[in-house]
Each structure stands twice: as C-alpha cells, then as structure tokens.
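# Summary of the model geometry
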Amino acid sequence: ISRAKSKNVKVVSLFICLKYSVNMSEPDEDPKEEKRKVCKKKKNKEKRRGEKMEGEKLEQQQEEQIHDESVILRGIFKVGKKSHDVLLTQTRLTWTPIIPETPTGEVTVLQPGMLLLQDVFAVKVKRRRAAGQESGGAMLGVALFFCKRKGRKLEEDTLHLHNASAEHTHAWYNALKEQIAGISSRPRYLKVFINPSSHKKEAVHIYRESVAPLFKMADIRTDITVTEKKGHTLSVIKECKLDEYNGVVCVGGDGSVAELCHALVFRAQLDANLPEKPVKAVLPLGIIPAGSTDVVSCSVHGVRDPVTAALHIILGHLQQVDMCSFSPVGQSVHFGFSAMFGFGGRSLARAEKKRWMASSRRREYALVKTLAKLRPEECELSFLPAKKSREGEASWTTKQGQYLSISVMSIPCLSSHAPRGLAPNTSLTSGSASLIAVENTSRSEFIKHLKRFGSSSGEFSFSFVETHAVSAVKIRPLSMSGFSKEESEEEGDSKSTPIIQPEGAAFPWNIDGELVEIANEVLIRVHPRLISLYGEEVEEAESTVSCSCI
C-alpha cells in the first residue's frame, strides 16, 4: 500500500510540474491582441446578422413580387450545379438557390437570378441523344435563349434549367412559349431583300451565317429576294401583298436601305391613293449592315454588327424615324435620310469611278483627290427654320454665296468614322433636319473642320460653318459648270451610272450614299416619323476605324 501511495504521489507531482512548466513557457497575452480578437468576433457576429437580414429582405421582395404579379408556374430546377426555386410570372423568370441551414444556424446568402421575358427569344426542350439520333432521348430540361448587352452590342446567351421529369419540363416549356408568343411587336413572317453586290459582296454570306440561324431559332419565317439590279426592290414592293408580312428586312448598305425605304413610302402612297402626299410606311424595316459605311444602321444600332441588328428585329425593338423628300425641279420625288451637295457629292462621284479599288482605299483616294481640287459652288441657299413651341409661323431665310459643302440630314448619320455623327445636333425623331453649310475657306481650315468629325466635338466651331434646325431647304446652283468635262475625263470611264440622269450640265449629289446628278434647284422637306426601323435611339456609335489620309 505504501508503495502504491508513493507511486501516486510521484505521478501527481510530475503532472503538476509539467502543467506549471507549460504555463511558465506561455507568455502573457498581449492586451491589444485580445482586444483585436474581441473586435473580430463582434464583426463576424454583425456580419452574420446582416446576412440574415439581407436573406429575409430578399425573401420579402420575392413574396412582394408574387403578390404584385400573377404567378404562372413555380418549380425546382437545377441551374448550374445547384438546385433552385424557379418562379415564372407574366414578365420575368427568377431563380433562388435552395440552401439548407447549417448546424450552427449560419445563413449563407446567394443572390437570386432574374431574366426578363422581353429579352428571351427562343425556348427549346433539351434531350440527351446519341450520335445520329434525331428524335427521342432522355429528358434534360429546358433551354432559354436570350439577349444580353455587351457595350453597344447585343449578344445571344443561354439559360439551362435542368429537370429529368418530362411532364414537369413540358409544362414549363409550353408556359414559356405562350408568354413569349404574346409579345405583339415581334415579327413572325418577314420579307427579306439581299443585295449581293453591296460592299465586298458578302451580303448573302452574312445573312446565311449570322442572321438566318437566329431567325430559325426564333421561329421566324422568311420570304427572300436576292436583288439583281437597281429598282428591283421597288418593283417587288409595288406588286407583293404586304399584309402577309410583319416586317421587311434589308441586307445591304445605305443605298439599298434608302431604296427600300423609298419603296415602302411609295407603296403607302399608292395604297392610300395620295401620290402627292407622303404617307407613313405600313411595315417596319430591319437593317442588316453589309455596306461600307452603314450610317443608317449605326444610327439605330450604334454598331455595325449583323447579330445585334438581327436581335433588334427578333425582339421587336421599334424606333420611329424622320425622313426627307428630295424634289428636283422637273424630276420625281425621292425619299431618304441625308443629302450632300458640293464636297460630299464630288468625292462620291470620284469614288464611284474607282469601283475596282478596295472600299477603304477608294474612299481615301476620292477624299484626297477632291481636297486637292477643292473649289466652292456659287449657289442660293434658302431654308425654313423648324418651329419651336410657343413661336409663330416661321419664314424662309435666303442667302447667296460660295459654299464648299452643304448637307441636310434628318438623322444623326453615325458611323465608325464619325462616332457622334455627321449631324450630332439632331435625332431620329426631332421633327427637323440639320442644315450644315460650309462657306468658302482655305484648304487647311476645311481639313481641320473635317478632322473634328472623328473627335469628341468642335466640328462646327468655325466662323465659316453655320448650322440650323430646319423643316425645309432649297438649294439652287447659280453656276452652270457642274461636274466639269475635264474632271470626268481625268477620272476615267465609270461602269456605274447615277440613279437620276438629267439633261445638260449636272451637279453630283450624295443622297444616302448613292450618286444623283441634278442640274436644277432641289427642294428638301422633313417628314416626321415617316417610317419605323428595328432598333433604338443611339447617342454615339462604336469607333473602330480612322482615316489616315488627312
């Protein structure tokens, strides 16, 4: 017994010594460190409380949404690798992660997802199929194809809702299709015109590769006409049954767009039996850019991108646009968006005679050549200022002088060369046109004026440049020289001919990128909201190129 007691005493003594030595080896805790730990615990506690409150707030918002909008369907799908509570209302689709509570009671907050149905353009059932299998297959769920913005571009994206139940999946598929089909502004049948000769002759390829697959995915039927010559579009529009279609699409450049816009307004005049009065076009027009500049497309899309243009059409984004009527004395009326007299007309006339060149090289050649032979035109300029609110009837203002350039534009005419547009002080629906008159000045000063179109501002801050918001303009050349014989011979023969050929001396005009030769006075009038285009109001276009020739 005495040995056992002695042994126990030794063990206890050894334990006490070890404990004492351990305590002696640990330094006293720093008060600052202890205070820091307390603060950290307090912050973590507040964070958990905040997360819990945020989770409750999100749940409350979702409940409010349920009460505000009638819920169509609610179910569980896998989005990514997690299960989600998915809710479908008349305007949106929301999905919230389903997360079980942890043993400690901590709440993990994940942001719910939301997709507006106005951005969804197609819904498909997903199945797993073997190679070569065309039908059947294991059910995987529903795929929603929607549009998302990336800068000025619209891009296609996909949301996958995974669920192996065929009954559950088909119920959601039918409900989603019904909601999307109820958006009335979206087209279901389109008349498509393709100009195979525009720019690099890529229009057919652009349509087949970038546009046709999107139209097919959105269940849009198309009736396609590949144009063969100038005036082909007008002849087709005059004869076809427009009431069969929901819209018209043009795949081409500015000239093709202007020709189709003119055809649609002309057809509206015929149907209304009002040949002397402009009548609003019945069908909206969609523009797939396939030209060299595409100012009309850039003005309603902000970027030269066929996918962006196609998604605007599919989603039914409509924008009303002002147009102009161009009435040369003794010639038929032409409808369009812009007209340039002087420098703009002469440079286009030179470019048209070098069609064998690449578009960028041809543009620079014409610009440099016209600057080298820069000369003003003596003409009489009259304009009717646009009416402003609470003002009386406007009266005509007439001026006579030498002008290097006169431009009239009913839209901003945005492009990659002039991101803010050639007429940044107007808009698509201002009800007026921008008159830009450049009086005679030195070549160096005129070049400074041109270069500022590619910068942020200041293109009109010259004493020789005047701008006006107008509802009508008259331009009457006083000289009889026109585009001189010497200049024509120097440029060589041209295979292209202007869309209007007058008798006698003529002056070259640039009307929507097309060469028009006119010898007499031209009357230009603005017609508010004469046509609807698929797109939206854009303040500035994407700038991707620059001209190094000046």
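Rules used throughout
- Residues numbered from 1 in each chain as written.
- Predicted model: local features only at pLDDT ≥ 70, side-chain atom pairs only at ≥ 80, totals over all residues.
- Heavy atoms only, no water.
- Helix = DSSP H or I, 4+ residues; strand = E, 2+ residues; numbered from the N terminus.
- Buried < 20%, exposed > 50% of the residue type's maximum accessible area, 1.4 Å probe, protein only.
- Contact = heavy atoms within 4.5 Å.
- Areas by Shrake-Rupley, 256 points an atom, 1.4 Å probe, with all protein chains shown as cover.
- pLDDT = per-residue confidence, 0-100.
- Core = buried A, V, L, I, M, F, W, Y, C linked by side-chain atoms within 4.5 Å.
- Salt bridge = Lys/Arg side-chain N within 4 Å of Asp/Glu carboxyl O.
- Axes fitted to C-alpha atoms, helices over the stretch in contact; angles between N-to-C directions.
- Parallel < 35°, antiparallel > 145°, perpendicular 65-115°, else oblique.
- Nonpolar A, V, L, I, M, F, W, Y, C, P; charged D, E, K, R; others polar.
- Expected span 1.5 Å × (residues − 1).
- Bend = angle between axes of the 7 residues up to and from the residue.
- Pairing = 2+ DSSP bridges.

The subject of this paragraph is the overall build of the protein. Summing up its helical and strand segments, the protein has 12 helices and 21 strands in all. Across the 550 residues that make up the protein, the buried fraction comes to 44%. Once local pairs closer than 6 in sequence are excluded, the contacts in the protein between residues at least 24 apart make up 69%. Summed over all atoms, the accessible surface of the protein reaches about 29400 Å², with 50% contributed by carbon and sulfur.

Before going further, it helps to examine helix α9 (residues 343-352). Of all 10 residues in α9, 10 are buried; the element is thus mostly enclosed. Those residues of α9 that fall on the buried side of the exposure criterion are Phe-343, Gly-344, Gly-345, Arg-346, Ser-347, Leu-348, Ala-349, Arg-350, Ala-351 and Glu-352.

So, on to the confidence of the model for the protein. Overall, the prediction assigns the protein a mean pLDDT of 84, with 79% of residues at 70 or greater. Below a pLDDT of 50 lies the segment residues 14-27, which in the model reaches 0 contacts outside its immediate sequence neighbourhood of four places, other chains included.

Side chains that are nonpolar tend, in soluble globular proteins, to be buried together. Grouped together as the largest cluster of nonpolar side chains are 47 residues, with contacts concentrated most on Leu-285, Val-296, Met-323, Phe-337, Phe-446, Ile-531 and Leu-533. Ranked by residues supplied to this core, first place goes to helix α6 (residues 254-272) with 6 residues. With sequence-adjacent residues up to four places away left out, Ile-531 is seen in contact with Cys-261, Leu-264, Lys-280, Ala-281, Gln-319, Gln-320, Val-321, Met-323 and Phe-337. Counting residues in each nonpolar core, the second largest holds 28 residues, with Ala-143, Ile-220, Val-251 and Leu-311 among its members.

Right, let's talk about the pattern of salt bridges for a bit. Inspection of the entire model under this criterion finds 15 salt bridges. The closest approach of N and O atoms between Glu-514 and Lys-230, which form a salt bridge, is 3.3 Å. Residue Glu-514 is located in strand β20 (residues 514-518), and its partner Lys-230 is located in the loop between β9 (221-226) and α5 (232-239); the two are separated by 284 residues in the primary sequence. The class of Lys-230 is exposed, set by a relative accessible area of 52%. Between Glu-445 and Lys-448 there is a salt bridge whose closest N-O contact spans 3.2 Å. Note that Glu-445 and Lys-448 are positioned in helix α11 (residues 443-451) at a spacing of 3 residues, about one turn of the helix. Among the ionic contacts, a cluster of salt bridges with common partners joins Lys-124, Lys-177 and Asp-219.

Moving on, we come to the environment of Gly-113. With respect to the helices and strands, Gly-113 occurs in strand β4 (residues 113-116). According to the relative accessible area criterion, Gly-113 is buried, its value standing at 15%. The residues touching Gly-113, leaving out its near neighbours within four places in the chain, are Leu-93, Thr-94 and Trp-95.

This paragraph deals with the side chain of His-262. Along the chain, His-262 turns up in helix α6. Non-local contacts of His-262, meaning those with residues more than four positions away in its chain, are made with Val-333, His-334 and Phe-335.

Attention now goes to the packing of helix α10 (residues 359-372) against α11. Angle between the axes and distance between the axes are the two parameters that describe a pair of packed helices. With their axes 11 Å apart at the nearest point, α10 and α11 run at an angle of 150° to one another. Our classification of the angle between α10 and α11 gives roughly antiparallel. Facing α10, whose interface residues are Leu-367, Leu-371 and Ala-372, α11 presents Arg-443, Phe-446, Ile-447 and Leu-450. Class assignment of the residues belonging to the contact of α10 with α11 gives a composition of 6 nonpolar, no polar and 1 charged.

A separate point is unusual backbone geometry. Notably, Asp-219 is not glycine yet its phi reads approximately 60°, a positive angle. Residue placement: Asp-219 occurs in the loop between α4 (203-217) and β9.

Moving on: α4. Between the first and last C-alpha of α4 there are 20 Å, a value that for 15 residues agrees with the 21 Å anticipated at 1.5 Å per step. Roughly 45° is the biggest bend found in α4, and it falls at Val-211, with proline Pro-213 one to four residues downstream. Residues of α4 that are buried: Ala-203, Ile-206, Tyr-207, Val-211, Leu-214 and Phe-215. Residue Asp-219 follows α4 closely and has a positive phi angle near 60°.

Here we come to the pairing of β4. Only one face of β4 is covered, namely the one carrying Gly-113 and Leu-115; the face carrying Met-114 and Leu-116 has none of its residues buried. Where strand β3 (residues 92-97) and β4 come together, 4 bridges link them in antiparallel fashion. For Trp-95, the partnering residue across the bridge sits in β4 and is Gly-113.

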